[in-house]
There are 2 protein chains.
Amino acid sequence: MLNIGEAAKATGLPTKTVRYYAEIELVVPSGRSENGYRLYADTELSKLTFVRRARAFGFSVERCRELLSLYEDQNRSSANVKSIALRHLVEIEEKLADLQKLHAELSHLAQACHGDARPDCPILDSFAGPHSREE
Amino acid sequence: MLNIGEAAKATGLPTKTVRYYAEIELVVPSGRSENGYRLYADTELSKLTFVRRARAFGFSVERCRELLSLYEDQNRSSANVKSIALRHLVEIEEKLADLQKLHAELSHLAQACHGDARPDCPILDSFAGPHSREE
DNA sequence: TATAGACCTTCCAGTAACTGGAAGGTCAAG
DNA sequence: CTTGACCTTCCAGTTACTGGAAGGTCTATA
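Residues numbered from 1 in each chain as written. Chains lettered and ligands numbered in written order. Predicted model: local features only at pLDDT ≥ 70, side-chain atom pairs only at ≥ 80, totals over all residues. Heavy atoms only, no water.

Visitor: Account for the protein's contact with DNA strand C, with residues named and values stated.
Guide: In the region of DNA strand C, 18 residues are neighbours, and Lys16(A), Thr17(A), Gly5(B), Arg19(B) and Arg38(B) sit closest. Of everything in DNA strand C that lies within 4 Å of the protein, sugar and phosphate atoms constitute 69%. Between DNA strand C and the protein, one listed contact pairs a phosphate oxygen with a backbone N or O atom of Val61(A) at 3.3 Å. When residues of the surface near DNA strand C are traced back to their parent elements, those giving at least two are α2 (15–23) of chain A together with α1 (4–11) of chain B. Ranked by residues supplied to the surface near DNA strand C, first place goes to α2(A) with four residues. When its residues are assigned to classes, the surface near DNA strand C shows seven nonpolar, six polar and five charged. (Near = heavy atom within 4 Å. Polar contact = N/O pair within 3.5 Å; in protein donor to acceptor, adjacent residues only side chain to side chain. Helix = DSSP H or I, 4+ residues; strand = E, 2+ residues; numbered from the N terminus. Nonpolar A, V, L, I, M, F, W, Y, C, P; charged D, E, K, R; others polar.)

Below you can see the structure in the form of structure tokens.
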């Protein structure tokens with residue numbers, strides 16, 4: 001049984017985050033020592049690691065909660081997990097498309113900007129212009 | 001001089017957001033009517049539009065503040081603006097790379113997952129595994 | 001004139017997922 | 001016995017809004 005600092009080190013999460021996950025009941029410690037320290041057993045270390053990995057994949061904490069309950073469920077089907085993952089993939093693709101569009105437009109503007117001491121700048125000009133959005 | 005609702009409509013921003021921008025002194029109304037309503041003149045409408053566009057490009061509100069001061073500055077140089085834009089482009093590229101990596105890994109996992117009633121699932125398996133991160 | 005509805009005002013609280021800090025208890029080493 | 005590194009709780013701040021309540025104002029219509 002590790003206390004919070006050791007559990008943090010073992011799972012690669014900041015101590016504060018582990019405490020936060022306990023508070024929101026995402027991963028609750030297996031118990032407390034007599035002096036009130038949080039104690040983490042192997043099962044909880046696995047869950048913390050699981051959450052760290054899933055978060056790194058961009059899953060929200062609430063998604064992690066779903067995933068964790070499937071992870072814990074001996075009778076889960078892989079279909080459940082896959083559908084959550086696919087849903088998530090769609091979101092990633094949307095963000096990706098937005099960012100790519102943004103990147104293309106902004107780098108175009110930056111290229112058009114001569115970037116010297118003169119005051120006129122195509123970037124600012126494109127931000128100004130007619131008021132209402134015409135998308 | 002437009003009141004807040006009209007200004008919002010004219011610039012394509014939600015009323016709440018316009019009020020928020022006034023509160024954080026990003027774009028302050030040119031005045032108040034006798035009954036206390038915020039009033040927006042043309043200059044402020046331009047600034048609001050400017051901010052909406054810059055925000056759509058992913059610039060943070062604080063970046064917008066920088067940009068806005070350059071925008072207002074008659075003696076600005078385009079170099080200042082360009083350097084902010086380039087800084088921002090680098091950030092976009094980093095996010096893009098992260099997302100692409102994420103997408104590749106997750107779609108690989110989803111493909112490997114048979115997605116039926118069986119409990120074993122490569123996605124969950126990859127989230128579990130050894131504790132400490134080995135990046 | 002009454003009243004309905006659509007405006008406007010302020011202030012308070014909540015969102016997501018932490019992070020930082022203060023005040024104080026505990027523990028091991030030198 | 002003190003120093004430093006732990007741990008605890010609680011409170012506040014972050015980003016950029018968004019929602020809602022309570023209440024004032026304006027305009028049209030019956």
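So that's the structure; there's more coming.
Visitor: Please set out the interface of chain B and chain A residue by residue, giving values where relevant.
Guide: Interface size is often expressed as the accessible area that is lost when the parts come together. In this complex, chain B contributes 64 residues to the contact, which on the side of chain A involves 64 residues. Buried surface at the junction of chain B and chain A, summed over both partners, amounts to about 5200 Å²; 68% is from carbon and sulfur atoms. On the surface where chain B and chain A come into contact, there are zero salt bridges. When contributions to the side of chain B that touches chain A are tallied by element, the ones reaching two or more residues are α1, α3 (42–56), α4 (61–72), α5 (78–112) and α6 (122–127) of chain B. When residues of the side of chain B that touches chain A are assigned to their parent elements, the largest contribution, 21 residues, is made by α5(B). Tallied by class, residues from the side of chain B that touches chain A come to 31 nonpolar, 18 polar and 15 charged. (Contact = heavy atoms within 4.5 Å. Buried area = accessible area lost by both parts, 1.4 Å probe. Salt bridge = Lys/Arg side-chain N within 4 Å of Asp/Glu carboxyl O.)

Visitor: Pulling in residues and values, what's your account of the domain arrangement of chain A?
Guide: All names here are of chain A. Segmentation of chain A into domains returns domain 1 (1–76) and domain 2 (78–129). Once you take the C-alpha centre of each, domain 1 and domain 2 turn out to be 34 Å apart. Of the roughly 730 Å² buried between domain 1 and domain 2 on both sides combined, carbon and sulfur atoms contribute 59%. Broken down residue by residue, the surface that domain 1 buries against domain 2 is led by Phe59, Arg63 and Leu70, which jointly contribute 59%. Remark: the boundary between domain 1 and domain 2 carries two salt bridges. The closest approach of N and O atoms between arginine 63 and glutamate 91, which form a salt bridge, is 3.0 Å. (Domains from an automatic or database assignment.)

Visitor: Break down the confidence of the model for chain A for me, citing the residues and quoting the values.
Guide: When pLDDT is averaged along chain A, the result is 88; 95% of the residues meet or exceed 70. By mean pLDDT, the top-scoring element of chain A is strand β3 (residues 38–40) of chain A (97), and the lowest-scoring one is helix α6 (residues 122–127) of chain A (83). (pLDDT = per-residue confidence, 0-100.)

Visitor: Describe the sheet that holds strand β2 (residues 31–32) of chain B, and please don't skip the residues or the numbers.
Guide: Reading across from one edge, β1-β3-β2 (chain B) is the order of the three strands in this open sheet, with antiparallel pairing throughout. Two strands bound the open sheet, and with one partner strand each, they are β1 (2–3) and β2 of chain B. (Pairing = 2+ DSSP bridges.)

Visitor: Explain the protein's contact with DNA strand D residue by residue, including any values.
Guide: With respect to spatial proximity, 18 residues lie near DNA strand D, and among them Gly5(A), Arg19(A), Arg38(A), Lys16(B) and Asn35(B) are the closest. Put simply, 68% of the atoms of DNA strand D that lie within 4 Å of the protein are in sugar or phosphate. Measuring from a base oxygen of DNA strand D, one finds a side-chain N or O atom of Lys16(B) at 2.5 Å. A distance of 2.7 Å separates a phosphate oxygen of DNA strand D from a polar side-chain atom of Tyr21(B). The set of elements that each furnish at least two residues to the surface near DNA strand D consists of α1 (4–11) of chain A together with α2 (15–23) of chain B. With four residues, α2(B) is the single largest residue contributor to the surface near DNA strand D. In terms of residue class, the surface near DNA strand D is built from seven nonpolar, six polar and five charged.

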